[in-house]
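Letter by letter, the chains look like this.
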Amino acid sequence: MSREQLIEMAKNNMAHARAGTIPQTDDIYKVPVEKYFDKDRWQEEMNKVFRRMPLMLAMTAEMREIGDYKAMDVGGYPVLLSRTDSGEVKAFVNMCSHRGAQLMDEGCGNTTKFTCPYHAWTYSRSGQLAGIYSPKDFGDIDRSEYGLTELPCLEKAGLIWVTLDPKSTLDIELFLSGYDELLEHFGFENWYHFDSQRVEGPNWKIAYDGYMDLYHLPILHKNTFGADFPNQAIYYSWGPHQRVAGPSRGSEGMEAKPEEEWPTEHLIAGVWTIFPHISIAGFDGGGRAVMLSQLFPGETPDTSYTIQNYLMEKPPETEEAAKAARDQLDFLRYVVQEEDYATGIKLGKALATRAKDYVIFGRNEEGGHNFHRWVDTILETDDEDLPKLFQTG
Ligand code: FES
Ligand SMILES: [Fe+2]
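Since the structure is predicted, the reported quantities are computational estimates derived from the model, not experimental observations. By convention here, each chain's residues receive numbers from 1 onward along its written sequence. Both sets of labels track the order of writing: A upward for chains, 1 upward for ligands. Predicted model: local features are reported for residues with pLDDT of at least 70 only, side-chain atom pairs are reported and counted for 80 or more only, and whole-chain, interface and lining totals are derived from all residues. Just so you know, side-chain values use all the structure's heavy atoms and leave hydrogens and water out.

Let us now look at the pairing of strand β5 (residues 89–93). When accessible area is computed with a 1.4 Å probe and restricted to protein chains, residues below 20% of their type maximum are described as buried, those above 50% as exposed, and intermediate ones as partly exposed. Put simply, DSSP H or I for four residues or longer makes a helix, DSSP E for two residues or longer makes a strand, and each gets a number counted from the N terminus. Of all 5 residues making up β5, 5 are buried, and the element is well covered by its neighbours. Burial of the side chains of β5 extends over both faces: Val89, Ala91 and Val93 are buried on one face and Lys90 and Phe92 on the other. At least two DSSP bridges between two strands are needed for those strands to be called paired. Of the pairings in the sheet, the one linking strand β4 (residues 77–83) to β5 comprises 5 bridges and is antiparallel in character. The partner of Leu80 across the bridge, within β5, is Phe92. Between β4 and β5, which follow one another and run antiparallel, lie 5 residues, and Gly87 among them has a positive phi close to 95°. With 2 bridges connecting them, β5 and strand β10 (residues 150–151) associate as antiparallel partners.

Written as structure tokens, this is what we have:
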């Protein structure tokens, strides 16, 4: 079923390529400038988007083995992911039940148990309180009541989503709106995590706008990779999640062959964004690879940071291939830091002058229309009504 969707999209992309057209929205779309810098608005986005929506926090490739864990700070919220003895991934608040110390330092590793650095209480891989230091002195407690606080978590398509609200009842699969089935065609569960790096950026929405924008490629990126890129985009959405493809990309020579033979890697070309903060873009450095970018808000409305993860279909087999992967990673840091985010940081300062009331997204920039509408809708929706937003049928 999902392959049929990929074929339909490929046909649509080819038809647009032949006709020299792209789909256009009915109208341009205006976003009031203060939505990019107003502190109250930003705080609401933190509370209602980043604390209520599932976030894609880790890749299976980072924690494939039993006992593997990943500790991370998600915009100030400490999270601990653990591959438990049964092989499933659980997510917890990275916080000891005694007096609240963070159990594990940021990073990945493998462990038989989690030991608190403050008074050495220990927890199993699945979060139960296993040991108390000097238990006789401490006094009796019912250990079953003092496990780690679990967060909703789902591993799907080689990616791991977590909701930063222990009480959330929003079904993560429902939120994914069927998009996960498309993402499964990458086969990320068997891919190799080459390396990750951090890039500082502008306001999170300014940064995210750029990931869905092909209009700027031949202009802003003319000195790096964009000179030969078409600036046209076709958007496909599943709930708030959007794939962006070019009208012609990946279609050359394919049409003559029967559909069953159309290669999957062509069918999944383009940029796959996962609302509200992920972009997956295909590259070829050291072998078939993607840059999976995880965007997180910073401490203030005008800052964000991005973890750029380089995922490869196979580990590089030669030193040359490893060097090519490293060069690709360096190159992508340069492009994002010096071109996209440098522009975004200055753009943010310009918006804050309030010299204009609105920014505008053209009829060719549907991705921006959809993204900003979804953020607005989520802010307006109460917890109990959230599932209705994603019941696409
Ligand atoms: S805070 Fe963790 S053992 Fe005391
Ligand atoms: Fe860009």
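Now that the structure is up, let's keep going.
As a further point, take the pattern of salt bridges. The working definition used for a salt bridge is a side-chain nitrogen of Lys or Arg within 4 Å of a carboxyl oxygen of Asp or Glu. Counted according to the given criterion, the structure contains 21 salt bridges. As a salt-bridge pair, Asp383 and Arg52 come within 2.6 Å of each other at their nearest N and O atoms. Within this pair, whereas Asp383 is found in the loop between α10 (366–380) and α11 (386–390), its partner Arg52 is found in the loop between α2 (39–50) and β2 (55–59), the two being separated by 331 residues in sequence. By relative accessible area, Asp383 is classed as partly exposed at 48%. Linking Lys70 and Glu62 is a salt bridge whose minimum nitrogen-to-oxygen distance equals 3.1 Å.

This brings us to the domain arrangement of the chain. You'll often see interface size given as the accessible area lost when the parts meet. Note that domain bounds follow an automatic or database assignment of domains. What the domain assignment reports for the chain is domain 1 (2–53 + 190–390) and domain 2 (59–169). For domain 1 and domain 2, the distance between their C-alpha centres works out to 31 Å. Tallying the contact residues gives 17 residues for domain 1 and 16 residues for domain 2. As a working definition, buried area equals the accessible area (1.4 Å probe) given up by two parts on being put together, with both sides summed. Of the roughly 1200 Å² buried at the junction of domain 1 and domain 2 (both faces included), carbon and sulfur atoms supply 58%. For the pair domain 1 and domain 2, the number of links is 0 salt bridges. Residues count as neighbours in contact if any of their non-hydrogen atoms are within 4.5 Å of one another.

Read from one edge to the other, the open sheet built from 7 strands follows the order β13-β19-β18-β17-β16-β15-β14, with strand pairing classed as antiparallel. Both edges of this open sheet fall to β13 (192–201) and β14 (234–238), since each of them pairs with a single strand only. The average undirected angle you get between the axes of adjacent strands in this sheet is 20°. Bridge count for strand β16 (residues 271–274) against strand β17 (residues 278–284) is 4 bridges, and the pairing is antiparallel. In the strand pairing of β17, Val271 is matched with Ala281. Axes here mean lines fitted to C-alpha atoms, for a helix over just the part in contact, with angles spanning 0 to 180 degrees between N-to-C directions. Most of the contacts of α10 go to strand β15 (residues 241–245), to which it runs at about 175°, and overall it touches β14 and β15.

Taken together, Ile28, Tyr358 and Ile360 make up a surface patch of nonpolar side chains, about 310 Å² in accessible area. Tracing the sequence through the fold places Ile28 in the loop between α1 (2–19) and β1 (29–32). Two distance rules govern patches: like charges are joined within 9 Å, and nonpolar side chains (Val, Leu, Ile, Met, Phe, Trp, Tyr) within 5 Å, applied only to residues with over 30% relative accessible area and no salt bridge. All accessible-area figures derive from a Shrake-Rupley calculation using a 1.4 Å probe, and residue coverage is judged against the displayed protein chains alone.

With that settled, the discussion passes to the environment of Lys11. With respect to the helices and strands, Lys11 occurs in helix α1. Taking the C-alpha atoms as reference, Lys11 lies 37 Å from Tyr36; in sequence the two are 25 residues apart. For Lys11, the contacting residues outside a window of four places in its chain are Glu259 and Trp262.

Time to look at the coordination of the iron ion (ligand 2). Coordination partners: N, O, S within 2.8 Å of the metal, 3.2 Å for Na, K and Ca; water not considered, so apparent gaps in a site are possible. Taken together, His216 (NE2), His221 (NE2) and Asp340 (OD) make up the full set of protein donors to the iron ion (ligand 2), lying 2.0 to 2.1 Å away. Counting residues between consecutive donors of the iron ion (ligand 2) along the chain gives the motif H-x4-H-x118-D. One end of the pair, His221, is in the loop between α7 (217–220) and β14; the other, Asp340, is in helix α9 (residues 319–351), and 119 residues separate them in sequence. Taking the relative accessible area as the measure of exposure, His221 reaches 1% and is therefore buried.

Below, the discussion takes up α2. Since the α-helix turns once every 3.6 residues, residues separated by three or four places project in the same direction. Burial in α2 covers these residues: Arg41, Trp42, Glu45, Met46, Val49 and Phe50. Along the axis of α2, the buried residues cluster in a sector spanning 145°; they form a single face. On its buried side, α2 packs onto β2, α6 (204–211), β18 (288–297) and α10. Polar contact is defined as a pair of N or O atoms within 3.5 Å, subject to the rule that within protein one atom must be able to donate a hydrogen and the other to accept it, and that residues adjacent in sequence are counted only when both atoms are side-chain atoms. The distance from a side-chain oxygen at the start of α2 to the backbone nitrogen of Asp40 is 3.2 Å, and the residue carrying that oxygen is Asp38. In this description, one arc is meant: the one made by directions from the helix axis to the C-beta atoms.

The subject of this paragraph is the sheet that holds strand β6 (residues 107–110). Ordered by their spatial adjacency, 5 strands build an open sheet running β6-β3-β4-β5-β10, and the pairing between neighbours is antiparallel. Looking at strand neighbours, the two that pair on one side only are β6 and β10, the edges of this open sheet.

Going from Phe275 to Pro276, the amide bond is cis rather than trans, its omega being 0°. Note that Pro276 resides in the loop between β16 and β17. Positive phi, close to 65°, is recorded for Ala120, a residue that is not glycine. You can see Ala120 is positioned in the loop between β7 (114–115) and β8 (122–123).

On to the packing of aromatic side chains, then. Whether two aromatic rings pair depends on their centres lying within 6.5 Å, for rings of Phe, Tyr and Trp, where Trp uses its six-membered ring; planes under 30 degrees apart make the pair stacked, over 60 edge-to-face, and the rest tilted. Tallying each qualifying case throughout the model produces 19 aromatic pairs. Aromatic pair Phe186 and Phe188: ring centres 4.6 Å apart, planes at 15°, arrangement stacked. Both residues of the pair, Phe186 and Phe188, count as buried. On the basis of an interplanar angle of 85° and a centroid distance of 5.0 Å, the ring pair of Phe188 and Trp191 is categorised as edge-to-face. Each member of the pair Phe188 and Trp191 is classed as buried. A network of ring pairs unites the aromatic residues Phe50, Trp204, Tyr208, Tyr211, Phe275 and Phe371 as a single cluster. Arg198 extends its terminal NZ or CZ atom over the ring of Tyr305, reaching a point 4.0 Å from the ring centre. Look at NZ for Lys and CZ for Arg. If either is within 6 Å of the ring centre and within 35 degrees of the ring normal, a charge sits over the ring.

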